[in-house]
Amino acid sequence: MKILQIDSSIMGEQSFSKKLGNAIVDKIIAKYPDSPVEKLDVVESNIPHFSLETLQAMFTPDEHITDEIKQKLNLSDKLIKQLFDADILVIGAPLINRTIHSSLKSWIDHITRRGVTFGYTQEGKPIGFVKDKKVYVAMSSGGIYTDEQGKANDFVAPYLESFLGFLGMTDLTVFRVEGVHIPVVQDTALQRAIDSIIID
Ligand SMILES: Cc1cc2nc3c(=O)[nH]c(=O)nc-3n(C[C@H](O)[C@H](O)[C@H](O)COP(=O)(O)O)c2cc1C
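Asker: Go over the packing of aromatic side chains with me, naming the residues and quoting the values.
Answerer: Applying the stated criterion to the full structure yields 5 aromatic pairs. A ring pair is formed by phenylalanine 118 and tyrosine 120, whose centres lie 5.8 Å apart and whose planes are at 90°; its orientation type is edge-to-face. With a relative accessible area of 9%, phenylalanine 118 lands in the buried category. Judged by centre distance (6.2 Å) and plane angle (15°), the rings of tyrosine 159 and phenylalanine 163 are stacked.

Asker: Talk me through the packing of helix α4 (residues 74–85) against helix α5 (residues 102–111); I want residue IDs and the actual numbers.
Answerer: At a minimum axis distance of 8 Å, the contact between α4 and α5 shows a crossing angle of 90°. Overall, the two elements α4 and α5 adopt an arrangement that is roughly perpendicular. Side by side, α4 and α5 meet where Leu75, Ser76, Leu79, Ile80 and Leu83 of the first sit next to Trp107, His110 and Ile111 of the second. In terms of residue class, the contact of α4 with α5 is built from 6 nonpolar, 2 polar and no charged.

Asker: Would you mind going over the pairing of strand β1 (residues 3–7) in detail, with residue names and values included?
Answerer: Regular strands place their side chains on alternate faces of the sheet. Across the 5 residues of β1, 5 count as buried, placing the element largely inside the fold. Strand direction decides the pairing type here: β1 and strand β2 (residues 37–41), joined by 5 bridges, are parallel. Directly across from glutamine 5, in β2, lies its bridge partner lysine 39. Handedness of the β1-helix α1 (residues 16–31)-β2 crossover: right-handed. In this structure, β1 lies alongside strand β3 (residues 88–94), joined through 4 bridges in parallel fashion. Bridging across to β3, leucine 4 finds its partner in leucine 89.

Rules used in this analysis
- Residues numbered from 1 in each chain as written.
- Predicted model: local features only at pLDDT ≥ 70, side-chain atom pairs only at ≥ 80, totals over all residues.
- Heavy atoms only, no water.
- Phe/Tyr/Trp six-rings, centres within 6.5 Å; stacked < 30°, edge-to-face > 60°.
- Buried < 20%, exposed > 50% of the residue type's maximum accessible area, 1.4 Å probe, protein only.
- Axes fitted to C-alpha atoms, helices over the stretch in contact; angles between N-to-C directions.
- Helix = DSSP H or I, 4+ residues; strand = E, 2+ residues; numbered from the N terminus.
- Parallel < 35°, antiparallel > 145°, perpendicular 65-115°, else oblique.
- Contact = heavy atoms within 4.5 Å.
- Nonpolar A, V, L, I, M, F, W, Y, C, P; charged D, E, K, R; others polar.
- Pairing = 2+ DSSP bridges.
- Right-handed = clockwise from strand over helix to strand, strands pointing away.

Have a look at this one:
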């Protein structure tokens, strides 16, 4: 099983989502020994914001693709190849102002390419081409978003489930380090998240 581990924390080695992601990877390897792990830190990689130039390059018909346009698609090509090569994705998703970090959003923008990772049927129904992947999301948050009060503001898990599903990655499981800013739960939050990991 080829694992692609994506991190999007700005906290370096202190990061809870990274620690949880590492624990998920360890448990995957315990189940599938010798699985290779490729790492992509989308913060350190400085994936640029999506731009008009990239958009136009993506929509250039094959017969009009020049070397210059090819170059503009290099990053998207590389990220998409890395994605297609993986069997299992482990995505670290810290909660930043109630959503994902912008670096993870940039990764999503560069892997979303019509005719490559998604398309539409004649009837206009979307089809995702990124099939046969298992996705584990390692979330971390200062607050709690799984109780009755928090659920109304839980945007990260539904967004990732919806959008990665649109690209074909419909088998997604979320594990959470919750409440790292809440004194009564912060000391045990990481261990509880690690204990909750089940690799199916
Ligand atoms: C700029 C910033 C914004 C944040 N916004 C939220 C938020 O909206 N809700 C929340 O519960 N926690 C929020 N947090 C807390 C983080 O989710 C928490 O520190 C988490 O552990 C970050 O993940 P990491 O440790 O993997 O970097 C925020 C933290 C930072 C630095």
